Every structure is written in structure tokens, then in C-alpha cells.
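# Tertiary structure, described
So the chains spell out like this:
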Amino acid sequence: MNKRRVSVLLIAVMALLSGCDESAQDPNVLLSEHQKDPIEALEITSDVDHSQFGYKQTFYVPIYSDIYTDRDARKVLLSATLSVRNTTFKKSLYINKIDYYDTDGALVKSYLDKPIELPAMATLNYIVEKEEDKGGSGANFIIEVEGVDETVKPVIEAVMIGNFSNKGFAFSTEGTPVVH
């Protein structure tokens with residue numbers, strides 16, 4: 001190949017690679033209303049007086065990033081949507097921690113850099129892509145929430161979907177309070 005062709009090829013490859021912005025590929029960004037990460041959009045930018053809070057709870061949410069089929073113990077990857085819902089009409093729910101753990105209990109990722117405020121009647125949905133297989137069949141989220149009083153208890157669920165051969169399936173799990 002002559003130098004001109006190599007140069008053109010290198011320029012084309014660099015242009016293609018520079019167009020691969022990871023945030024543009026993130027379904028959480030792509031599917032959000034303003035193409036912004038839904039967690040970052042809810043981050044608290046001012047100080048919150050936590051001494052006024054009378055409710056604090058930690059939840060365990062099972063996530064299956066893969067399951068096994070009965071055929072040759074074949075592993076099927078799943079995508080999951082974590083859903084945290086504030087069920088009050090007037091009070092915000094504050095989320096201090098969203099941590100993702102694998103089957104062995106090792107921390108895979110902490111999703112929060114700062115606490116987030118979930119307004120009254122709002123829902124935070126967050127997608128764990130099918131290709132993210134670090135969690136394994138025993139993956140889970142640990143979510144810590146707090147609010148003014150016991151009436152801000154959230155509903156926390158996860159929905160997993162996948163397919164195998166010509167069959168599709170979906171199932172859900174619920175967050176369970178953790179006793180410290």
C-alpha cells in the first residue's frame with residue numbers, strides 16, 4: 001500500500017473511533033428525556049440537612065445478569081432495569097447509595113458520586129445492559145435511602161428480560177429491607 005492510502009485509512013479509522021462516544025451508546029442516556037444520565041440529572045448540588053430526616057433504610061435488590069438453561073447448562077445473558085419509585089405526593093426521597101455487587105459479593109460499581117433527590121411521585125429507572133456480565137446470576141444492588149419520615153418508603157424493583165432460541169422471557173424482583 002502506498003503512503004497516501006495508509007494515511008487515508010488511518011484518518012478514516014481515527015474518525016470512526018472518535019465518533020464512539022461512550023455516553024452516546026449508554027441506553028440510560030439515549031432513552032432519557034434530555035439525553036442525560038438520569039442519576040446525574042438528579043444529583044443534589046446544595047447541602048441537605050440530614051439531621052431533619054427521621055427515615056433511613058437500606059435495601060437489597062436481586063439482579064440476575066445471567067441465568068442458565070436446562071440445555072447443556074448454557075448461560076443466557078439478561079438485561080435488567082432497576083426502578084426506584086417515590087410513592088409520596090409531596091415529599092422528596094433522598095438516595096445516598098446505589099452499589100452493584102457480583103455473585104461473590106465483590107463491589108462491581110458504585111453508581112452515585114453524590115446523593116440524589118427523587119421528587120414526589122418520581123421514578124428513577126436505570127438499565128444494566130445485557131452485555132454487562134460481571135454481576136453473574138447472584139448480582140445485586142444495595143440502595144440506601146432516607147427522607148423526612150416513614151411515609152417516604154420507596155418501592156424498589158428490578159425487571160430482567162432476555163431470550164433463548166426463539167423464546168423471550170421476563171421476570172421481576174423486589175427490594176428487601178436490610179437489617180443492620
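On a predicted model such as this, the values are computed, not experimentally measured, just so you know.

Attention shifts here to the sheet that holds strand E11 (residues 167-174). Sheet architecture is open: 4 strands sit in the order E8-E4-E10-E11, paired in antiparallel fashion. At either end of the open sheet lies a strand with only one pairing partner, and these are strand E8 (123-128) and E11. Along the sheet, successive strands turn relative to each other by an average axial angle of 15 degrees, direction set aside. As paired elements, strand E10 (residues 155-164) and E11 share 8 bridges and run antiparallel to each other. Within the sheet, the bridge partner assigned to Asn163 lies in E11 and is Gly168.

If you look at soluble globular proteins, the nonpolar side chains tend to sit buried side by side. Ranked by size, the top nonpolar core spans 29 residues in total, and within it Val84, Ile95, Ile98, Phe141 and Ile143 carry the most contacts. Sorting the residues of this core by element identifies strand E1 (55-62), strand E4 (79-85), strand E5 (93-101), strand E7 (116-118), E8, strand E9 (140-147) and E10 as the ones contributing at least two each. Sort the elements by how many residues they give to this core and E5 lands first, with 4 residues. Beyond its immediate chain neighbours, meaning those up to four positions away, Ile98 contacts Ile39, Leu82, Lys109, Ser110, Tyr111, Leu112, Leu124, Phe141, Ile142 and Ile143.

This part covers the environment of Glu40. Mapped onto the secondary structure, Glu40 falls in helix H4 (residues 38-41). For the pair Glu40 and Pro115, spaced 75 residues apart in the sequence, the C-alpha separation amounts to 9.6 Å.

This part covers the packing of aromatic side chains. Summed over all chains, the structure comprises 5 aromatic pairs. Ring geometry for Tyr100 and Phe141: centres 4.9 Å apart, planes at 40 degrees, overall tilted. You can see Tyr100 sitting in strand E5 and its partner Phe141 sitting in strand E9, a full 41 residues away along the chain. Neither Tyr100 nor Phe141 differs from the other in exposure class; each is buried. Judged by centre distance (5.6 Å) and plane angle (50 degrees), the rings of Tyr111 and Phe141 are tilted. Of this pair, Tyr111 sits in the loop between strand E6 (107-110) and E7 while Phe141 sits in strand E9, placing them 30 residues apart in sequence. In this structure Tyr111 comes out as buried when scored by relative accessible area, which is 14%. A connected cluster of aromatic rings, assembled from ring pairs, spans Tyr100, Tyr111, Tyr126 and Phe141.

Glancing now at the side chain of Asp102. Structurally, the position occupied by Asp102 is in the loop between E5 and E6. Lys134 provides the closest opposite charge to the buried, salt-bridge-free Asp102, at an N-O distance of 10 Å. A polar contact of 2.9 Å, which involves the side chain of Asp102, links it to the backbone nitrogen of Ala106.

Moving on to the confidence of the model for the protein chain. When the pLDDT values of the protein chain are averaged, the result is 81; 78% of them are 70 or greater. In the predicted structure, residues 12-24 sits below a pLDDT of 50 and forms 2 contacts with residues beyond four places in sequence or in another chain.

Moving on to unusual backbone geometry. Phi angles above zero are rare outside glycine, and Met121 is one such case at about 65 degrees. Tracing the backbone through its elements, the reader meets Met121 in the loop between E7 and E8. Residue Met121 is classed as partly exposed on the basis of its relative accessible area of 46%.

Reading guide: rules and limits
Residues numbered from 1 in each chain as written. Predicted model: local features only at pLDDT ≥ 70, side-chain atom pairs only at ≥ 80, totals over all residues. Heavy atoms only, no water. Pairing = 2+ DSSP bridges. Helix = DSSP H or I, 4+ residues; strand = E, 2+ residues; numbered from the N terminus. Axes fitted to C-alpha atoms, helices over the stretch in contact; angles between N-to-C directions. Core = buried A, V, L, I, M, F, W, Y, C linked by side-chain atoms within 4.5 Å. Buried < 20%, exposed > 50% of the residue type's maximum accessible area, 1.4 Å probe, protein only. Contact = heavy atoms within 4.5 Å. Phe/Tyr/Trp six-rings, centres within 6.5 Å; stacked < 30°, edge-to-face > 60°. Lys, Arg positive; Asp, Glu negative; His and termini not counted. Salt bridge = Lys/Arg side-chain N within 4 Å of Asp/Glu carboxyl O. Polar contact = N/O pair within 3.5 Å; in protein donor to acceptor, adjacent residues only side chain to side chain. pLDDT = per-residue confidence, 0-100.

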